[in-house]
Amino acid sequence: IFRINRSSLPVMVCGEDGTCKEQVVNYLYQSGQRRNRPLVIVDCYALNDKSWSYLIDHHNSPFAQNDCTIFLKNVDVLSGQRLRQLLTAMLDMDICKRNRMIFSCVCKREQEITETGLELMNALECLSLYLPPARKRVMQLPAVFNLYLSHLNANMEKQIIGFEDDAMRRLQEYDWPNNYSQLQRVLKELALMAQGNSITAQEVRDILKREQTLTTAHEQVEDKGSPLDLRMTLDEL
């Protein structure tokens, strides 16, 4: 992040779901040269036809501003038509020269960038910032667990002093399909529901068994196919 912020080039933040892309973008902004200017966040997933038209064409659009940081998150949900419109607007209006542009894309497992992310990177000459999944940082996970536990202790009536050895081993061995978002949620529940002042291996075993069941059910739903995206054109549908 320090090296990236030496430049004003646009940035593509890549990573699987739950790898804290929003927090990283916020840190990019806070430590960047435009930290005293507005940060505008546009979630592409939430854009409908009206808000998309406003973003691309309106004179009060964030794209018409100067010297701001503009974060377009979840660019992968953009249809081919909207992606072309976005690139045309970026290039014709010199948006990347007038503002700091940051994009994010959600990668699939073992994928470091998406097709949409790569197209934007090539067209706009973006720098890339890849956030590794939790399962690839096994040796750092105990430090992450303990750091977050200290944060939880500051906001709980009771205090959890740590983890049993076998409990920590089980947490390290778990796959964490939803990465740090899932990790934080699980640790919060473990801390709140712990019977004693340490998190036990049995407590970890029980909650991870439930997490595995939920993950399996979610994957089975996804395998049945996604609903039609009615924001697409009839041609694309």
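Residues numbered from 1 in each chain as written. Predicted model: local features only at pLDDT ≥ 70, side-chain atom pairs only at ≥ 80, totals over all residues. Heavy atoms only, no water.

(A) Layout of the pattern of salt bridges. Under the criterion given, the structure shown has 14 salt bridges. D175 is the salt-bridge partner of R109, the closest N and O atoms lying 2.8 Å from each other. Of this pair, R109 sits in the loop between β4 (100–107) and α5 (115–124) while D175 is found in the loop between α7 (165–173) and α8 (179–193), placing the two residues 66 residues apart along the sequence. Look at R109 and you get partly exposed, because its relative accessible area is 47%. The class for D175 is partly exposed, based on a relative accessible area of 30%. With its nearest N and O atoms 3.3 Å apart, the salt bridge here joins E110 to K136. With E110 in the loop between β4 and α5 and K136 in the loop between β5 (127–131) and α6 (141–153), this pair connects stretches of sequence that are 26 residues apart. One salt-bridge network, held together by shared partners, links E16, E110, R135 and K136. (Salt bridge = Lys/Arg side-chain N within 4 Å of Asp/Glu carboxyl O. Helix = DSSP H or I, 4+ residues; strand = E, 2+ residues; numbered from the N terminus. Buried < 20%, exposed > 50% of the residue type's maximum accessible area, 1.4 Å probe, protein only.)

(B) Structural view of the packing of aromatic side chains. Under the defined criterion, the tally for this structure stands at three aromatic pairs. Here F145 and W176 contribute two aromatic rings whose centre-to-centre distance is 6.3 Å and whose plane-to-plane angle is 50°, an arrangement assigned as tilted. Taken together, the residues span a long stretch of sequence, with F145 in helix α6 and W176 in the loop between α7 and α8 at a distance of 31 residues. Classification of W176 by relative accessible area gives buried; the value is 0%. When the centroid spacing of 4.9 Å and the interplanar angle of 90° are considered together, the rings of Y174 and W176 count as edge-to-face. (Phe/Tyr/Trp six-rings, centres within 6.5 Å; stacked < 30°, edge-to-face > 60°.)

(C) Molecular detail of unusual backbone geometry. Of note, C20 is a non-glycine position whose phi angle comes to about 65°, a positive value. One can find C20 in the loop between β1 (11–16) and α1 (21–30). Despite not being glycine, W176 has its phi angle at roughly 50°, a positive value.

(D) Expanded view of the environment of V138. Turning to its location among the elements, V138 is positioned in the loop between β5 and α6. C-alpha separation for the pair V138 and D175, spaced 37 residues apart in sequence, amounts to 9.7 Å.

(E) Region of the structure containing the environment of E189. With respect to the secondary-structure elements, E189 resides in helix α8. Separated by 18 residues in sequence, E189 and I207 have C-alpha atoms that sit 8.6 Å apart. Beyond its immediate chain neighbours, meaning those up to four positions away, E189 contacts I207 and R210. (Contact = heavy atoms within 4.5 Å.)

(F) Seen up close, the nonpolar core. Core analysis: the biggest nonpolar cluster contains 28 residues, and F63, L72, M90, M101, F103 and L120 have the highest contact counts within it. At the level of secondary structure, the elements contributing two or more residues to this core comprise β1, α2 (49–57), β3 (69–73), α3 (80–92), α4 (95–98), β4 and α5. Broken down by element, this core gets its largest block of residues, five residues, from α3. The contacts of M90, once residues within four sequence positions are left out, are F63, I95, C96, M101, F103 and L124. Counting residues in hydrophobic clusters, the runner-up holds 27 residues, among them F145, Y148, L152 and Y174. (Core = buried A, V, L, I, M, F, W, Y, C linked by side-chain atoms within 4.5 Å.)

As far as function goes, none of this settles anything; it's purely spatial.
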